[in-house]
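# Structural description and commentary
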Amino acid sequence: AAHLLEREVAPARQLLDFLVKERARARVNAAVASRAIESLQQALVVGEDAGLAETELAEARSVLEVEERKAAARAAIREALKGPLDVDTLTAALSTAEAAELTFVELKPVKDALAKERAKADCAVQLRATLQALAGGAEEADERAALVERLRSLVWKCRDARLPKEELEHAQGVLAT
């Protein structure tokens, strides 16, 4: 009885193979539904080991690729928001996040930070230009008065934009004279 013929064992092997593949399919489908990276990675290994066809694993590979891109984009956002904040880093993180199709809620913090940093940079440029125009020697009193008023307005705007105090000091000194 210990020496079973191959034809007697073959149906049991086929059934076992079928059951192993069914279990692997179920795991792959559950991983796809969860969209969890680790679960997808493990399910793909199980599916490959069970001998599932590539067509049966294609969706899991595709979902894994999408979720890895999203995870990388989330990491880029976290890094960009750690600080110090700058327009280039925030813009790159936002581009990566948009390409990965992150949700509005996930994009909002980086969009808000980018808007603030752009406002700060714009404010600094306007402040420097106005100071340069004043230093250039506005000839007429009306022109100088208009520039001083613009500078006063910019100082308030730049404070609101949270421009560093060091960048405001020169302008405040000019206004004090």
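Keep in mind it's a predicted model, so treat the numbers as computed, not measured. (Residues numbered from 1 in each chain as written. Predicted model: local features only at pLDDT ≥ 70, side-chain atom pairs only at ≥ 80, totals over all residues. Heavy atoms only, no water.)

## Notes on the state of the cysteines
- Counted under the stated rule, the structure contains one disulfide.
- In this model, Cys 123 is linked to Cys 158 through a disulfide, with the two sulfur atoms separated by 1.9 Å. In this structure, the disulfide formed by Cys 123 and Cys 158 twists by about -110° around the S-S bond and is classed as left-handed. One end of the pair, Cys 123, is in helix 5 (residues 104-135); the other, Cys 158, is in helix 6 (residues 141-160), and 35 residues separate them in sequence.
- Since its relative accessible area comes to 0%, Cys 123 is described here as buried.
- What makes Cys 158 buried here is its relative accessible area of 0%. (Disulfide = S-S within 2.5 Å. Helix = DSSP H or I, 4+ residues; strand = E, 2+ residues; numbered from the N terminus. Buried < 20%, exposed > 50% of the residue type's maximum accessible area, 1.4 Å probe, protein only.)

## Looking at the packing of helix 3 (residues 54-82) against helix 5
- Two numbers describe how helix 3 lies on helix 5: the axes approach to 10 Å, and their chain directions differ by 35°. For the crossing formed where helix 3 meets helix 5, the hand is left-handed. On helix 5, the residues touching Arg 74, Ile 77 and Leu 81 of helix 3 are Glu 106, Pro 109, Val 110 and Ala 113.
- Classifying every residue of the contact of helix 3 with helix 5 by side-chain character gives five nonpolar, no polar and two charged. (Axes fitted to C-alpha atoms, helices over the stretch in contact; angles between N-to-C directions. Left-handed = near helix turned anticlockwise from the far one by under 90°. Contact = heavy atoms within 4.5 Å. Nonpolar A, V, L, I, M, F, W, Y, C, P; charged D, E, K, R; others polar.)

## Considerations on the packing of aromatic side chains
- Summed over the entire model, instances satisfying the criterion amount to zero aromatic pairs.
- The ring of Trp 156 is capped by Arg 159, whose NZ or CZ atom sits 4.6 Å from the centre of that ring. (Phe/Tyr/Trp six-rings, centres within 6.5 Å; stacked < 30°, edge-to-face > 60°. Lys NZ or Arg CZ within 6 Å of the ring centre and 35° of its normal.)

## Digging into the environment of Glu 167
- Residue placement: Glu 167 occurs in helix 7 (residues 165-176).
- Accessibility expressed as a relative area gives 35% for Glu 167, which makes it partly exposed.
- Sequence spacing of Glu 167 and Lys 111 is 56 residues, and the spatial spacing of their C-alpha atoms is 24 Å.
- Residues contacting Glu 167, with those up to four places away along its chain left out, are Ala 124, Leu 127 and Arg 128.

## Overview of a negative patch on the surface
- A cluster of acidic residues, Glu 139, Glu 140, Asp 142 and Glu 143, forms a negative patch at the surface.
- If you trace the backbone, Glu 140 turns up in the loop between helix 5 and helix 6. (Patch = residues over 30% accessible without salt bridge, like charges linked within 9 Å, V, L, I, M, F, W, Y side chains within 5 Å. Areas by Shrake-Rupley, 256 points an atom, 1.4 Å probe, with all protein chains shown as cover. Salt bridge = Lys/Arg side-chain N within 4 Å of Asp/Glu carboxyl O. Lys, Arg positive; Asp, Glu negative; His and termini not counted. Charge placed at Lys NZ, Arg CZ, Asp CG, Glu CD.)

## Describing a nonpolar patch on the surface
- Together, Leu 15, Phe 18 and Leu 19 make up an exposed nonpolar region whose accessible area comes to about 310 Å².
- Its place among the elements puts Phe 18 in helix 1 (residues 6-34).
- Note on Phe 18: relative accessible area 47%, which makes it partly exposed.

## With respect to helix 4 (residues 87-99)
- The terminal C-alpha atoms of helix 4, which comprises 13 residues, lie 18 Å apart, in line with the 18 Å expected from a rise of 1.5 Å per residue.
- Against the buried residues of helix 4 lie helix 3 and helix 5.
- Looking one or two places after helix 4, you find Glu 101, whose phi comes out positive at around 60°. (Expected span 1.5 Å × (residues − 1).)

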